[in-house]
Amino acid sequence: MKKNFILDTNVLIHDPQSIYAFQDNNVIIPLPVLEELDKLKKHSGSLGKYAREVIRELDSLRQHGKLSKGIKLKNGGTLKVLTLERNIPEKVDFLFEKYVDNWILVYTLHIMKNSKIPTFLVSKDINLRVKADALGIPSQDYLTDRSNLSNLNPGYFETSNIEHIDKKSLYPNVYLIDNNKYYRFDGENIFEIHKDIVVWKIKPRNKEQFFAMDAMLNDDIKLVSLIGMAGTGKTFISLACALQKTVIERKYEKIIVAKPLVALGGKDIGYLPGSFEEKMRPWMSPIYDNLEYLFKLSNINMKEFMKKDIIEIEALTYIRGRSIPNQFIIIDEAQNLTPHEIKTILTRAGENTKVVLLGDPYQIDTPYLDKDSNGLVYAATKFLNSKLSAHVVLVKGERSPLATEAANLL
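Residues numbered from 1 in each chain as written. Predicted model: local features only at pLDDT ≥ 70, side-chain atom pairs only at ≥ 80, totals over all residues. Heavy atoms only, no water.

- Under an unreviewed UniProt entry, the name given to the chain is PhoH-like ATPase, and the organism recorded is Thermosipho atlanticus DSM 15807.
- The UniProt entry for the chain carries the following comment under Sequence similarities (unreviewed entry): "In the N-terminal section; belongs to the PINc/VapC protein family." (UniProt positions renumbered as here; feature names shortened; annotations may be inferred.)

So, in structure tokens, the structure goes:
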């Protein structure tokens, strides 16, 4: 049975191609959503980029008919932009007209009243879904690119009989532990890994760090996703491996470290005082702190080394759209990216480029993302059966006994 799906603005921003994700059903965009997109298109960051992308997509569909009448999509569904008169019987008096979300609810009530087809409001906004339920409106999250963190393998497991293990049950680049020995399955064969990793004068402090470092040092593995809470050493060991592969082994020409800028108080970085470097420092200070410690271990002057332009520390916004060959790329705080943003980044990886995704899915600062819908978990899940990727969950805090205890108790 066909269904009506009314899309909230945040769904379109989350995935500009979401209008094609509802199979042969009816996709309806209320006019107030277009008004919100019009306001968002002026933003300089990702919000503006994806708002403009949605608007361009809708404009291209106008070649196939009128949006107000409904346009047939290639997947068999239809897309329609709905406009209502101001004085309509479905308008709820206690819903303030100045809120676009309330108008979306009114539009949905109107469609439910005038259509015999089951109707659903699709929104990433939890509160809007709660309000919809209070008004008797069926609602749901955007589920197309949603993963399940609880089903994501930690990247390793223990076995008591490595010789007779069923290889068909393994995914590529999973690590195995048998009788205190470490192994890796490359997709075809199981190899023992000797515990002698020393990178930039540091050694892994636990088995999870060992597996993560082994994956980052392996030139055949092009994508590594590391999940772990603060203090597990994700950024530290990633930078150490990047320095090893770039400065010592010269496998890559440059290190790029980037992270999404989740602005404090909703302010874009452009509105903050100071130079670009001064604006960036609060977001990038953990990276600089780790680099400073690593350079001290090797008696290298950090300021002098940074002048060589081997390490590029950027806001993620500024590396989108680039084709990046021969780089070791570290994306920190990747849990604050949407699946669409992760796809945009990974599809820009050039020849001989390695990408490391870091993050904690339980520490998300971006509205409308959660532990199952963020880009980090999405990428780790989708690449699980790829020979080009490896995934490891770090569980033990190594920053200090106090930091570990605080993470556990608080």
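Some remarks on the packing of helix α2 (residues 31-40) against helix α4 (residues 100-114)
Now for step 1: Where α2 contacts α4, the axes come no closer than 8 Å and their chain directions differ by 155°. On the basis of the axis angle, α2 is roughly antiparallel to α4. Residues L31, P32, V33 and E36 of α2 lie in contact with α4, whose contacting residues are V100, W103, I104 and Y107.
Now for step 2: Its residues assigned to classes, the contact of α2 with α4 comprises 7 nonpolar, no polar and 1 charged. (Axes fitted to C-alpha atoms, helices over the stretch in contact; angles between N-to-C directions. Helix = DSSP H or I, 4+ residues; strand = E, 2+ residues; numbered from the N terminus. Parallel < 35°, antiparallel > 145°, perpendicular 65-115°, else oblique. Contact = heavy atoms within 4.5 Å. Nonpolar A, V, L, I, M, F, W, Y, C, P; charged D, E, K, R; others polar.)

What to know about the environment of Y171
Now for step 1: Checked against the element boundaries, Y171 lands in the loop between β7 (156-158) and β8 (174-178).
Now for step 2: Counting along the chain gives 212 residues from Y171 to F383, while the straight-line C-alpha distance between them is 10.0 Å.
Now for step 3: When sequence neighbours within four positions are dropped, the list of residues in contact with Y171 reads N153, G155, Y156, F185, L384 and N385.
Now for step 4: Separated by 3.4 Å, the side chain of Y171 and the backbone nitrogen of G155 make a polar contact. (Polar contact = N/O pair within 3.5 Å; in protein donor to acceptor, adjacent residues only side chain to side chain.)

Some details on the domain arrangement of the chain
Now for step 1: Segmenting the chain into domains produces domain 1 (4-141) and domain 2 (198-409).
Now for step 2: Contact with domain 1, which involves 12 residues of that partner, is made by 11 residues of domain 2.
Now for step 3: For the pair domain 1 and domain 2, the summed buried area comes to about 930 Å², and 53% of that belongs to carbon and sulfur atoms.
Now for step 4: Sorting the residues of domain 1 by area buried against domain 2 places H14, Y50 and K124 first, and these three jointly supply 49% of that buried surface.
Now for step 5: In this assembly, domain 1 and domain 2 are joined by 0 salt bridges. (Domains from an automatic or database assignment. Buried area = accessible area lost by both parts, 1.4 Å probe. Salt bridge = Lys/Arg side-chain N within 4 Å of Asp/Glu carboxyl O.)

Things to note about the sheet that holds strand β16 (residues 389-394)
Now for step 1: Strands sit in the order β13-β12-β14-β15-β11-β16 across an open sheet of 6 strands; the sheet is parallel. Single-partner strands in this sheet number two, and they are β13 (311-315) and β16. Across this sheet, the average inter-strand angle for adjacent strands is 15°, counted without regard to direction.
Now for step 2: When strand β14 (residues 327-331) meets strand β15 (residues 354-359), the two strands line up parallel, connected through 4 bridges. Pairing of F328 across the sheet is with K354, part of β15.
Now for step 3: Strand contacts of helix α11 (residues 375-382): β11 (223-228), β15 and β16, with the helix running at about 130° to β11, the strand carrying the most contacts. (Pairing = 2+ DSSP bridges.)

Topic: the pairing of strand β4 (residues 78-82)
Now for step 1: Pairing analysis gives 5 bridges linking strand β2 (residues 26-30) to β4, with the strands arranged parallel. Bridge assignment links I29 to a residue of β4, and that residue is V81.
Now for step 2: Examined bridge by bridge, strand β3 (residues 71-72) and β4 share 2 bridges and lie antiparallel to one another. Paired with K72 across the two strands is T78, which belongs to β4.
Now for step 3: Between β3 and β4, which pair antiparallel in sequence order, lie 5 residues; one of them, G76, sits at a positive phi of approximately 95°.

Looking at helix α5 (residues 126-134)
Now for step 1: Of all the residues in α5, the buried ones are L128, R129 and A132. Seen from one end, α5 has its buried residues packed into an arc of 100°, which puts them on one side. Opposite the buried face of α5, at more than 90 degrees from it, the exposed residues are I126, V130, D133 and A134.
Now for step 2: Residues of α5 that are buried sit in contact with α4, β5 (119-122) and β6 (139-140).
Now for step 3: Here α5 starts with a cap whose side-chain oxygen sits 3.0 Å from the backbone nitrogen of N127, and that cap is D125.
Now for step 4: Downstream of α5 by a residue or two, G136 has a phi angle that is positive, lying close to 80°. (Buried < 20%, exposed > 50% of the residue type's maximum accessible area, 1.4 Å probe, protein only. Arc of directions from axis to C-beta.)

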